[in-house]
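As a plain string of letters, each chain reads:
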Amino acid sequence: MSAEQSPKIVIVDESPIRAAILEEGLREAGFTQIVHISEMQSLLARIYAVDPDIILIDLENPSRDVLEAMFQVSRAVRRPIAMFVDQSDSSSIQASVEAGVSAYIVDGLKKERIKPILDLCVSRFNAFAKLQEELERTKSQLEDRKVIEKAKGILMRVKSLNEDEAYVLMRSTAMREKKKIGEIAQSIITASEMLK
Amino acid sequence: MTAPLRIGFIPLVDAAALIVAVDKGFTAAEGLEVELVREVSWSNVRDKLNIGLFDAAHLLAPVAIASSLGLGHVKVPIAAPFNLGVNGNAITVSPALYAALMEEIDGDRFDPLATAKALAKVVSKRRKAGADPLTFGMTFPFSTHNYQLRFWMAAAGVDPDEDVRLVVLPPPYMVDSLKSGHVDAFCVGAPWNSIAVDLGIGHILHFVSDILVHAAEKVLAVRQTWADKNPDVVAALTRAASKAAEFIEHAENRTEAARILAQPERIGVDAEVIQRTLDGRLKISPDGTFRESGRYLLVGREGAGRPDPVQAAWLYAQMVRWGQAPLTPDGVKTAKAVFRPDLYDAALGRHQPAEAPAPFGAFAGPAFDPDDISGHLEAFEVGRWKA
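Note that this is a predicted model, so its numbers are computed, not measured.

Trainee: Looking at this structure, I do not really get the sheet that holds strand S8 (residues 185-189) of chain B. What am I missing?
Mentor: Paired through backbone hydrogen bonds, the strands of a sheet run either parallel or antiparallel to each other. Residues and elements named next belong to chain B. The five strands are arranged S7-S6-S8-S5-S9 in an open sheet whose pairing can be described as mixed. The sheet terminates laterally at strand S7 (165-168) and strand S9 (203-207), the two strands that pair on one side only. Averaged over all neighbouring strand pairs, the angle between strand axes comes to 25°, with direction disregarded. Note: strand S5 (residues 89-93) against S9, four bridges, orientation antiparallel. Residue pairing across strands places Val93 opposite His203, the latter belonging to S9. Contacting strand S6 (135-138) and S8, helix H8 (residues 171-180) crosses the sheet at an angle of about 155° to S8.

So, in structure tokens, the structure goes:
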């Protein structure tokens with residue numbers, strides 16, 4: 001795809017990581033003209049300056065309403081239209097809304113050219129969501145580990161146990177009470193603070 | 001029991017009847033299981049309602065009409081069996097603009113014609129001085145805020161498209177934008193005006209009830225096809241919202257209602273600020289001046305809950321006046337058909353409206369006649385509409 005043919009794509013996203021993931025995917029797919037906007041204050045002015053064919057925006061971004069105003073500005077030379085204008089393709093609309101991405105397309109761009117871009121956005125957005133979920137899980141595991149270490153120290157001190165014994169005690173308690181070991185550790189810390 | 005209803009809302013005080021209906025158990029009493037989903041933009045609410053991810057939504061009345069008309073977006077006919085709020089917006093201006101207006105004002109500070117004339121003078125002075133035009137924030141192209149700001153300033157000859165700049169801003173960004181000087185004023189619903197005043201960066205210039213005595217604001221919106229297929233659910237939802245509205249309007253319940261609305265997953269601001277809105281007693285200046293009005297926000301009282309098709313026709317007339325929609329007989333019909341007093345009456349078992357619909361009481365122009373929109377619009381000098 002040559003530069004002349006490649007549509008100009010603007011990504012409006014306050015998350016730099018997700019924007020980068022999206023941009024990388026688009027470049028791999030041969031789209032060369034991509035601009036990322038993360039600053040919301042002067043959003044419309046920036047978009048007019050770039051004059052894109054396609055605008056991609058995260059659905060969690062309140063500035064979507066700002067973009068809607070573009071449909072109203074009669075003085076703008078090129079008027080974008082909403083992706084939802086074509087009601088025939090309801091499954092891809094649903095997929096994109098569920099993934100959390102919306103696209104605005106300037107009138108005149110052919111539908112065949114939009115579909116692969118949208119599909120790519122949907123899969124990248126879903127991949128990002130999965131990544132974030134994993135990150136959250138790792139974070140909470142790390143948090144758990146810190147709490148467990150602290151509780152272990154308390155048990156060792158108060159009950160004169162060695163490290164392994166303290167851990168086994170917490171684990172067996174957790175199993176008996178059908179709780180996570182992190183929760184048991186947290187209650188040990190809370191209790192010891194109350195008894196100070 | 002079927003799957004729970006998913007209902008979208010924007011964190012604003014005029015979602016009160018919907019939120020209280022769910023959180024106080026009025027929907028459960030009707031046998032409905034409801035999941036309220038907080039949203040960040042009107043575009044999201046509209047799209048998710050349109051494609052069926054939401055069964056119902058708290059929606060700007062003009063967005064519901066635009067959706068039925070297919071303006072700016074896909075055409076999805078909407079039905080509104082309940083009016084969630086009447087009035088409730090305010091115009092807030094920066095301290096600098098407030099001072100400039102008060103310097104020019106000739107007459108009562110709460111008289112919208114007097115303030116609009118003062119604005120015209122400020123605008124012309126700025127132009128002579130070569131200053132940038134004033135910028136006004138509002139929430140959406142198809143919003144009451146947009147039309148109310150325009151109606152107000154145009155009454156004194158200020159052309160909202162030529163003499164000032166009108167920009168769309170998401171409500172949570174309004175206060176920051178006023179603070180940073182990105183806008184000089186804004187028109188928005190509660191609680192954002194009060195928050196600007198509390199921060200000492202804004203003065204509430206007008207309650208919207210100064211401009212229009214009775215203006216439909218938000219509706220409970222469903223897809224028309226969905227309403228046709230689920231008449232019992234629509235009726236139950238309407239009854240629950242109506243009971244919640246009644247609950248909120250009893251002064252002794254206000255504190256509880258405000259507490260429900262203040263929850264972080266609902267509106268998520270101080271209960272005290274929300275109660276000011278419900279009570280219609282607002283701090284309007286950073287110096288602590290309060291202003292009280294029985295018309296600030298109507299949730300159910302004075303027949304506010306019953307959708308009035310004349311209100312829909314008035315909103316359509318504003319779309320025509322400002323060049324968003326052509327004036328056609330079909331357009332008027334479609335707009336009026338969004339507001340469904342028949343569904344409201346059926347749900348509440350009434351055959352006659354309890355009260356006659358309130359008139360607009362617009363501060364400028366002739367009385368509104370839904371059957372003669374072109375005649376009505378001709379009375380206004382400023383506008384994008386050409387007969």
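Trainee: Would you mind going over the domain arrangement of chain B with me for this structure?
Mentor: Much of the literature gives interface size as the accessible area that the parts lose upon coming together. Residue and element names in this part refer to chain B. Per the domain assignment, the segments of chain B are domain 1 (5-87 + 216-269 + 299-377) and domain 2 (89-211). Taking the mean C-alpha position of each, domain 1 and domain 2 sit 26 Å from one another. Every contact between the two is made by 20 residues of domain 1 and, on the other side, 21 residues of domain 2. No other element matches the four residues that helix H4 (residues 61-69) contributes to the side of domain 1 that touches domain 2. Within the side of domain 1 that touches domain 2, the residues separate by chemical class into 14 nonpolar, four polar and two charged.

Trainee: Can you walk me through the packing of helix H15 (residues 309-321) of chain B against helix H16 (residues 329-338) of chain B in this structure?
Mentor: Any two packed helices are characterised by the angle at which their axes cross and by the distance between the axes. Residues and elements named next belong to chain B. Axis separation between H15 and H16 bottoms out at 7 Å; the angle between their running directions is 135°. Relative to H16, H15 is oriented oblique. Crossing geometry of H15 relative to H16 is assigned as right-handed. Note on element contacts: H16 touches H15 through Gly331, Val332, Ala335, Lys336 and Val338, opposite Pro309, Ala312, Ala313, Leu315 and Tyr316. Taken together, the residues of the contact of H15 with H16 sort by class into eight nonpolar, one polar and one charged.

Trainee: Whenever I open this one, helix H6 (residues 112-129) of chain B confuses me. Can you help?
Mentor: Spacing of three or four residues puts side chains on the same side of an α-helix, whose turn is 3.6 residues. Residues and elements named next belong to chain B. Counted at 1.5 Å a residue, the expected span for H6 with its 18 residues is 26 Å, and the 25 Å between its end C-alpha atoms agrees. Burial in H6 covers these residues: Pro112, Thr115, Ala116, Lys117, Ala118, Leu119, Val122 and Val123. Within two residues after H6, Gly130 carries a phi angle of roughly 75°, on the positive side.

Trainee: Explain the sheet that holds strand S4 (residues 78-87) of chain B here, please?
Mentor: Residue and element names in this part refer to chain B. Strand order in the open sheet formed by six strands is S2-S1-S3-S10-S4-S13, and the pairing between neighbours is mixed. Across the chains shown, the open sheet's two edge strands, defined by having one partner strand only, are strand S2 (34-38) and strand S13 (297-298). In this structure, strand S1 (residues 5-9) lies alongside strand S3 (residues 56-60), joined through two bridges in parallel fashion. Paired with Ile7 across the two strands is Ala56, which belongs to S3.

Trainee: What is the right way to read the interface of chain A and chain B from this model?
Mentor: Contacts between chain A and chain B engage 21 residues on the former and 23 residues on the latter. Secondary structure elements with two or more residues in the side of chain A that touches chain B: helix H3 (64-68) and helix H4 (90-99) of chain A. Split by residue class, the side of chain A that touches chain B holds 10 nonpolar, seven polar and four charged.

Trainee: Quick question: what am I supposed to make of the nonpolar core here?
Mentor: Most often, soluble globular proteins keep nonpolar side chains buried together rather than apart. Ranked by size, the top nonpolar core spans 166 residues in total, and within it Leu56(A), Ala17(B), Leu18(B) and Ala221(B) carry the most contacts. Both of domain 1 (5-87 + 216-269 + 299-377) and domain 2 (89-211) of chain B provide at least three residues apiece to this core. Ignoring anything within four residues of it in the chain, the contact list for Leu18(B) reads Ile7(B), Phe9(B), His58(B), Leu84(B), Leu220(B) and Ala241(B). Ile148(A), Ala151(A), Ala185(A) and Ile188(A) belong to the second largest nonpolar core, which has five residues in total.

Reading the values: rules and limits
Residues numbered from 1 in each chain as written. Chains lettered and ligands numbered in written order. Predicted model: local features only at pLDDT ≥ 70, side-chain atom pairs only at ≥ 80, totals over all residues. Pairing = 2+ DSSP bridges. Helix = DSSP H or I, 4+ residues; strand = E, 2+ residues; numbered from the N terminus. Axes fitted to C-alpha atoms, helices over the stretch in contact; angles between N-to-C directions. Contact = placed C-beta atoms within 7 Å. Domains from an automatic or database assignment. Nonpolar A, V, L, I, M, F, W, Y, C, P; charged D, E, K, R; others polar. Parallel < 35°, antiparallel > 145°, perpendicular 65-115°, else oblique. Left-handed = near helix turned anticlockwise from the far one by under 90°. Expected span 1.5 Å × (residues − 1). Buried ≥ 20, exposed ≤ 12 C-beta atoms within 10 Å, placed from the backbone. Core = buried A, V, L, I, M, F, W, Y, C linked by C-beta atoms within 7 Å.

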